[in-house]
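For reference, the chains in residue letters:
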Amino acid sequence: MDKWDRRFMEMTVEVGGWSSCLRRRVGAIIVKDKRVMTTGYNGAPSGIASCTERGECLREKLNIPSGTRAELCYGVHAEQNAIIQAARYGIDISGATLYCTHQPCVICAKMIINAGIVRVVYKEGYPDEFSMQLFSEAKILVQRYDELE
């Protein structure tokens, strides 16, 4: 692992600390040419009360298992927010690396693929094998942080 991977993952964990999710704090940054292009963390869309503000997690209230029914959540995923930020501000992220505290889900994987991101580095696993299958088919380099050489 090189010093850049370490520094960018440290930054990703810090960004995840901004999350308003009660269940899992997730951070993501998109890096191109050793420059941070955008950041994202999981939380409710602008103008929508977050789980922290509501005082309860909708997914826990409904007993929804991790890795399923992503649509039943107030939060937007960190990876989605980082990609949305790039679109909103006209930032080209094609050819970039996405660092994330957790393995992306299948919905995020589809967005990452279509955004032209070529590498994903994640720290923690997530129960979604289909996302890994899509990354493989799309020839996206996916690396678990603790397995980097």
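For the structure itself, consult the block above.
Sequence order as written defines residue numbering, which begins from 1 separately in each chain. Confidence filtering applies because this is a predicted model: local features only for residues at pLDDT of at least 70, side-chain atom pairs given and counted only at 80 or more, and all residues used for totals across whole chains, interfaces and linings. Excluded from the side-chain calculations are hydrogens and water; all other atoms, namely the structure's heavy atoms, are used.

> How do you make sense of empty space enclosed by the protein when you look at a structure like this?
Over the atoms a probe the size of a water molecule is rolled, and this reveals where empty space is left. Put plainly, a pocket is an open set of points on a 1 Å grid over the protein atoms alone with protein on both sides within 12 Å along at least five of seven lines, a cavity is a set where a 1.4 Å probe fits but cannot get out, and a lining residue has an atom within 4 Å of a point. Grid points are joined across faces, edges and corners, and a volume is the space filled by probe spheres set on the points. Counted under the stated rule, the structure contains one cavity of 30 Å³ or more. Each residue receives one of three labels: charged for Asp, Glu, Lys and Arg, nonpolar for Ala, Val, Leu, Ile, Met, Phe, Trp, Tyr, Cys and Pro, and polar for the others, Gly being one of them. A per-class count over the lining of the largest cavity returns 13 nonpolar, 10 polar and four charged.

> Help me out: how do you make sense of the side chain of Q103 in this one?
Topologically, Q103 is positioned in the loop between β3 (97-102) and α5 (106-115). Between buried and exposed lies partly exposed: a residue is buried under 20% and exposed over 50% of the maximum accessible area for its type, with that area taken using a 1.4 Å probe on protein chains only. Overall, the relative accessible area of 6% leaves Q103 in the buried class. Reaching out from Q103, the side chain makes a polar contact with the backbone oxygen of D128 at a distance of 2.9 Å. Whether two residues are in contact is decided by their heavy atoms: any pair within 4.5 Å suffices. Not counting the four nearest positions on each side in its chain, Q103 is found in contact with E79, Y122, E124, G125, Y126, D128, S131 and M132. Under the scheme used here, helices are H or I runs from DSSP no shorter than 4 residues and strands are E runs no shorter than 2 residues, and both carry numbers assigned from the N terminus. Whenever a nitrogen or oxygen atom comes within 3.5 Å of another N or O atom, the pair is scored as a polar contact, on the condition that within protein one atom can donate a hydrogen and the other can accept it, and that pairs from neighbouring residues in sequence are kept only if both atoms are in side chains.

> Would you explain the environment of G95 in this entry?
Among the secondary structure elements, G95 is positioned in the loop between α4 (78-89) and β3. Separated by 23 residues in sequence, G95 and V118 have C-alpha atoms that sit 5.3 Å apart. Apart from residues lying up to four places away in sequence, G95 is in contact with G116 and V118.

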